[in-house]
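This is what each chain is made of:
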Amino acid sequence: MSSAKPDGQRAWHEIIKDVLKENNVRLATYVPDNVLSPLIKALHADPFFTTFCCAREEEAVGVVTGAWLGGTLGVVLMQTSGFATLPNVLASLAVPYQIPLLMIISERGTLGEFNLGQAMVCRTMRPALESMGIENHTLRRLDEVAFVVDRTISQAVSTQAPAAIILNAFLTGGKVEKKKEN
Amino acid sequence: MPGTESNERKVMSRAELTRRLVGKLKNEEAVIGGIGWTNFELWGAGQRPQNFYMLGSMGLAFPIALGVAIAQPNRRVIGLEGDGSLLMQVGALGTIASRNQKNLVMVVWDNGAYQITGGQPAATATVVDVVGLARASGLEKSYWAKDEAHFDELIDRALSEDGPFFIAVKIDSAKPAATTHRDPVQIRERFMRGLGVREAI
């Protein structure tokens, strides 16, 4: 596969897609993000998943929550700044109603960030998750992806609680500023 | 003021129309009640197991209803939302139109005000026409209910024809007689059982 690593190891987004499938996560809603684009593209390409874009991350959370109430497990994909719009709906919907809301967040604002706005937003993410007691794990290594995503999903469902998986630049490469040529 | 004329419509009773709507539900249709007096009124109209009552997350009644409709395509799903809540998530209308979700019915109770916070006027009191918003978002079956009989007719169509339907009503500001019992876990579990997702232990 073109996105495979030279040593034959599969890319992070291929692993995540397969683990979502193995866990019967059938719905994916998202607000577009550059780093997540290979995962979004792969989900769109696979008819196992119902995948669509929403106007806001809150809306994407509402759709996945409704689907769970109707018996379908889903995931919301977003970047750091999108997560920052969510504390109200997490605190008033996902947490108190005990919804296993899965969030996959591509982390911007650290490790080479070039936009101060993004850097400030990033600093709010983990404190917000911790303040609501939301289980979260940061993925930095490819060899941990399958295990962490699989166990996070199964725990979220078993304990009826939202959970977040944060994709760090060590894993994805992140987004960096293009250097000007001298 | 632009839009003022178009927003002069017959004002009806939210309590009466909520009862009329619930009275028409014979096939275990799911109903998502948006926050505020919208869901107090739904609670007061009788606590069906297929009713879901929101306690926060203002503006998410239609997105939640869309999610239920995707998960259960053979069940009709109705979202009840206030005009102020709708203004918070106008983008969701375009998402719903893009998906052309056939089993989804959206009802907006429009009193032109943020009633529960003290009746401050919303933009819907003057310039914003919510049916105009819905049509411009791609929802073709979008209508203002002209009177009670027309509301009945629109709901009958929405429960039998392919949607998505968007039905808006200018409603009064009367305070609901009942208040939703605010127990989110009980609300969620009862709803999931009502939808056949879970069985009673």
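Structure first, text after, so check above.
Residues numbered from 1 in each chain as written. Chains lettered and ligands numbered in written order. Predicted model: local features only at pLDDT ≥ 70, side-chain atom pairs only at ≥ 80, totals over all residues. Heavy atoms only, no water.

Further remarks concern helix 2 (residues 37–44) of chain B. Count 3.6 residues to each turn of an α-helix, and residues three or four apart come out pointing the same way. All names here are of chain B. Counting buried residues in helix 2 gives 7 out of 8 residues, a clear majority hidden from the surface. Among the residues making up helix 2, those that are buried are Trp37, Thr38, Asn39, Phe40, Glu41, Leu42 and Trp43. Considering only its buried residues, helix 2 is in contact with helix 1 (14–23), strand 1 (30–33), strand 2 (51–53), strand 3 (77–82) and strand 4 (104–110). In the stretch just after helix 2, Gly46 is the one whose phi turns positive, near 120°. (Buried < 20%, exposed > 50% of the residue type's maximum accessible area, 1.4 Å probe, protein only. Helix = DSSP H or I, 4+ residues; strand = E, 2+ residues; numbered from the N terminus. Contact = heavy atoms within 4.5 Å.)

Interfaces are often sized by the amount of accessible area the parts lose when they come together. At the interface, 30 residues of chain B touch 26 residues of chain A. Across the chain B to chain A interface the summed buried area is about 2,200 Å²; carbon plus sulfur atoms make up 65%. Only strand 2, helix 3 (61–71), helix 5 (91–99) and helix 8 (184–194) of chain B provide two or more residues apiece to the side of chain B that touches chain A. Across the side of chain B that touches chain A, the residue classes break down as 20 nonpolar, 7 polar and 3 charged. (Buried area = accessible area lost by both parts, 1.4 Å probe. Nonpolar A, V, L, I, M, F, W, Y, C, P; charged D, E, K, R; others polar.)

All names here are of chain B. Axis separation between helix 1 and helix 2 bottoms out at 9 Å; the angle between their running directions is 55°. The angle between helix 1 and helix 2 falls in the class oblique. Classified by chirality, the crossing of helix 2 by helix 1 is right-handed. Taking contact as the criterion, the partners of Arg14, Ala15, Thr18 and Val22 in helix 1 are, on helix 2, Trp37, Glu41 and Leu42. The residue inventory of the contact of helix 1 with helix 2, partitioned by class, reads 4 nonpolar, 1 polar and 2 charged. (Axes fitted to C-alpha atoms, helices over the stretch in contact; angles between N-to-C directions. Parallel < 35°, antiparallel > 145°, perpendicular 65-115°, else oblique. Left-handed = near helix turned anticlockwise from the far one by under 90°.)

Residues and elements named next belong to chain B. Within the open sheet, the 6 strands sit side by side as 2-1-3-4-8-7. Their pairing is parallel. For this open sheet the edge positions go to strand 2 and strand 7 (141–144), each flanked by a neighbour on one side alone. Averaged over all adjacent pairs, the angle separating strand axes in this sheet is 15°, with direction ignored. As defined by bridge partners, strand 3 adjoins strand 4 across 6 bridges and the pair is classed as parallel. In the sheet register, Gly79 faces strand 4, and the bridge partner there is Met106. (Pairing = 2+ DSSP bridges.)

Another point: unusual backbone geometry. The peptide bond linking Gly163 of chain B to Pro164 of chain B adopts the cis configuration, its omega dihedral lying at 0°. Checked against the element boundaries, Pro164 of chain B lands in the loop between helix 7 (148–160) and strand 8 (165–170). Phi is positive for Asn24 of chain A, close to 60°, though the residue is something other than glycine. Take Asn24 of chain A: it is sitting in the loop between helix 1 (12–22) and strand 1 (25–30). In this structure, Gln160 of chain A takes a positive phi of about 50° despite not being glycine. Note that Gln160 of chain A resides in the loop between helix 7 (145–159) and strand 6 (163–167).

Right, let's talk about the sheet that holds strand 3 (residues 73–79) of chain A for a bit. Residue and element names in this part refer to chain A. Read from one edge of the open sheet, 6 strands run 2-1-3-4-6-5, paired in parallel fashion. Two strands in the sheet have a free side with no partner beyond their single neighbour: strand 2 (50–53) and strand 5 (135–139). In this sheet, adjacent strand axes meet at a mean angle of 20° when their direction is disregarded. Both strand 1 and strand 3 contribute to a ladder of 5 bridges, which runs parallel. Residue pairing for strand 3: Tyr30 is matched across the bridge by Leu77. Packed on one face of the sheet, helix 7 meets strand 1, strand 3, strand 4 (102–106), strand 5 and strand 6 and runs near 170° to strand 5.

When a protein is soluble and globular, its nonpolar side chains tend to lie buried together. By size, the foremost hydrophobic cluster in this structure holds 117 residues, and its most contacted members are Phe83 and Met103 of chain A together with Phe52, Phe151 and Phe166 of chain B. The element that contributes the greatest number of residues to this core is helix 3 of chain B, accounting for 9 residues. The contacts of Phe83 of chain A, once residues within four sequence positions are left out, are Met78, Leu90, Met103, Ile105, Met125, Ala128 and Leu129 of chain A. (Core = buried A, V, L, I, M, F, W, Y, C linked by side-chain atoms within 4.5 Å.)

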